[in-house]
Amino acid sequence: MGKEDRRPIAARSTGWARALSAALARSSVTPNQISVLSIFFAAAGAAALLYWPGIPGLIACAVGIQLRLICNLLDGMVAMEGGKQTPTGALYNEYPDRIADSLLIVALGYAAGMPWLGWLGALLAALTAYVRLSGASLGLPQDFRGPMAKQHRMAVLTIACVLAIIEQLVGNTAYVLPTAAIVIAVGSLVTCITRTRAIAAQLKASA
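Rules behind the numbers
Residues numbered from 1 in each chain as written. Predicted model: local features only at pLDDT ≥ 70, side-chain atom pairs only at ≥ 80, totals over all residues. Heavy atoms only, no water. Helix = DSSP H or I, 4+ residues; strand = E, 2+ residues; numbered from the N terminus. Buried < 20%, exposed > 50% of the residue type's maximum accessible area, 1.4 Å probe, protein only. Contact = heavy atoms within 4.5 Å. Areas by Shrake-Rupley, 256 points an atom, 1.4 Å probe, with all protein chains shown as cover. Lys, Arg positive; Asp, Glu negative; His and termini not counted. Charge placed at Lys NZ, Arg CZ, Asp CG, Glu CD. Expected span 1.5 Å × (residues − 1). Arc of directions from axis to C-beta. Phe/Tyr/Trp six-rings, centres within 6.5 Å; stacked < 30°, edge-to-face > 60°. Salt bridge = Lys/Arg side-chain N within 4 Å of Asp/Glu carboxyl O. Axes fitted to C-alpha atoms, helices over the stretch in contact; angles between N-to-C directions. Parallel < 35°, antiparallel > 145°, perpendicular 65-115°, else oblique. Left-handed = near helix turned anticlockwise from the far one by under 90°. Disulfide = S-S within 2.5 Å. Patch = residues over 30% accessible without salt bridge, like charges linked within 9 Å, V, L, I, M, F, W, Y side chains within 5 Å.

Let's talk about the overall build of the protein
When helices and strands are counted, the protein shows 7 helices and 0 strands. Starting at the N terminus and ending at the C terminus, the protein contains elements arranged as α-α-α-α-α-α-α. Burial analysis of the protein (207 residues in total) assigns 44% to the buried set. The contacts in the protein between residues at least 6 apart in sequence include a share of 81% that link residues at least 24 apart. In the form shown here, the protein has an accessible surface area of approximately 10300 Å², with 70% of it arising from carbon and sulfur atoms. Across the protein, the centroid of the 16 positively charged side chains sits 3 Å from that of the 9 negatively charged ones.

Comments concerning helix H1 (residues 15–26)
Its 12 residues give H1 an end-to-end C-alpha distance of 17 Å, which sits within 8% of 16 Å, the value for a rise of 1.5 Å per residue. Residues Ala-17, Ser-21 and Leu-24 constitute the buried set of H1. Along the axis of H1, the buried residues cluster in a sector spanning 60°; they form a single face. Set apart from the buried face of H1 by more than 90 degrees, the exposed residues are Gly-15 and Arg-26. Of the surrounding secondary structure, the elements contacted by the buried residues of H1 are helix H2 (31–51) and helix H3 (55–80).

As for the packing of aromatic side chains
Here the structure, examined in full by the defined rule, presents 1 aromatic pair. Ring centres 5.5 Å apart and planes at 65° place the aromatic pair Phe-40 and Phe-41 in the edge-to-face group.

Observations concerning the pattern of salt bridges
Taken as a whole and assessed by the stated rule, the structure comprises 8 salt bridges. Between Glu-94 and Arg-132 there is a salt bridge; the shortest N-O distance is 3.0 Å. Here Glu-94, found in helix H4 (residues 89–111), pairs with Arg-132, found in helix H5 (residues 115–137); they are 38 residues apart in sequence, far enough to count as distant. Assessed through its relative accessible area of 9%, Glu-94 is described here as buried. A residue is classified by how much of its surface remains accessible, and Arg-132, at 3% relative accessible area, is buried. Where Asp-101 meets Arg-153, a salt bridge forms, and the shortest distance between an N and an O atom there is 2.6 Å. Remark: Arg-153 occurs in helix H6 (residues 150–170) and Asp-101 occurs in helix H4; sequence separation between them is 52 residues. Sharing partners across several salt bridges, the network here consists of Arg-68, Glu-94, Asp-97, Arg-98, Asp-101, Arg-132, Lys-150 and Arg-153.

Things to note about the packing of H3 against H6
Taken N-terminus to C-terminus, the directions of H3 and H6 make an angle of 160°; their axes are 9 Å apart at the nearest point. Between H3 and H6, the angle falls in the class roughly antiparallel. Both H3 and H6 take part in a crossing whose hand is left-handed. Between H3, through Ile-55, Leu-58, Ile-59, Cys-61, Ala-62, Ile-65, Gln-66, Arg-68, Leu-69 and Asn-72, and H6, the contact on the second element is made entirely by Lys-150, Met-154, Leu-157, Thr-158, Cys-161, Ala-164, Ile-165, Gln-168 and Leu-169.

Concerning the state of the cysteines
When the sulfur atoms of two cysteines share a covalent bond, that bond is a disulfide. Under the counting rule described, the total for this entry stands at 0 disulfides. Counting only cysteine sulfurs, Cys-161 is the nearest neighbor of Cys-61, a cysteine outside any disulfide, at a range of 3.8 Å. Exposure remark for Cys-161: the relative accessible area of 0% places this residue in the buried category.

Concerning a nonpolar patch on the surface
A cluster of nonpolar side chains, namely Ile-159, Val-162, Leu-163, Ile-166, Leu-169 and Val-170, defines an oily patch on the protein surface of about 580 Å² accessible area. Here Ile-166 lies in helix H6.

So, the side chain of Arg-98
Inspection of the secondary structure assignment puts Arg-98 in helix H4. Leaving out residues up to four positions away in the same chain, Arg-98 has contacts with Ala-126, Ala-129, Arg-132 and Arg-153.

Topic: the side chain of Ser-21
Residue position: Ser-21 is located in helix H1. Dropping the residues within four chain positions of it, Ser-21 is found in contact with Leu-74, Met-77 and Val-78.

And the structure:
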């Protein structure tokens, strides 16, 4: 994967990210190992949301999401800026993301009391990546637009964990997690549509 096909992430330019990625590049850790580690953090966050009900589980889930995203940031930086690209790097850049997304979104559906919505959201999230890669297979630049790209999905889920904590502290309702599951599913569907329309417009323009 070339730099032009990378997801735009502002955190790449931060000092802590550069320092940490440089340290990892000097170590024996590979970008692929970092990618796989993101699955572990996503699984831990999903398990916390499912099996550790209440505020502790919500906190642990939010932390797991952020650690997963840090792995997603660092694997590319170690590979590209650190000069540790591998022939299988493109696979490791995609497959762990799909697994991590599915674990967290499915867990959200179960925690919200609507398992079917979690599975639907996970399917639609995977389809956003499928559409993006379909465009790339046609020779177009990868389109990372939203409104519900990976970083947006994880932001919604993180914010939902925080708001669900507040919801538990101030009342006895349970609206936040179902709302987040709906937002992720609907937003992912809209993202599939916007990306598909953009691909179609580019193909027509180049015809």
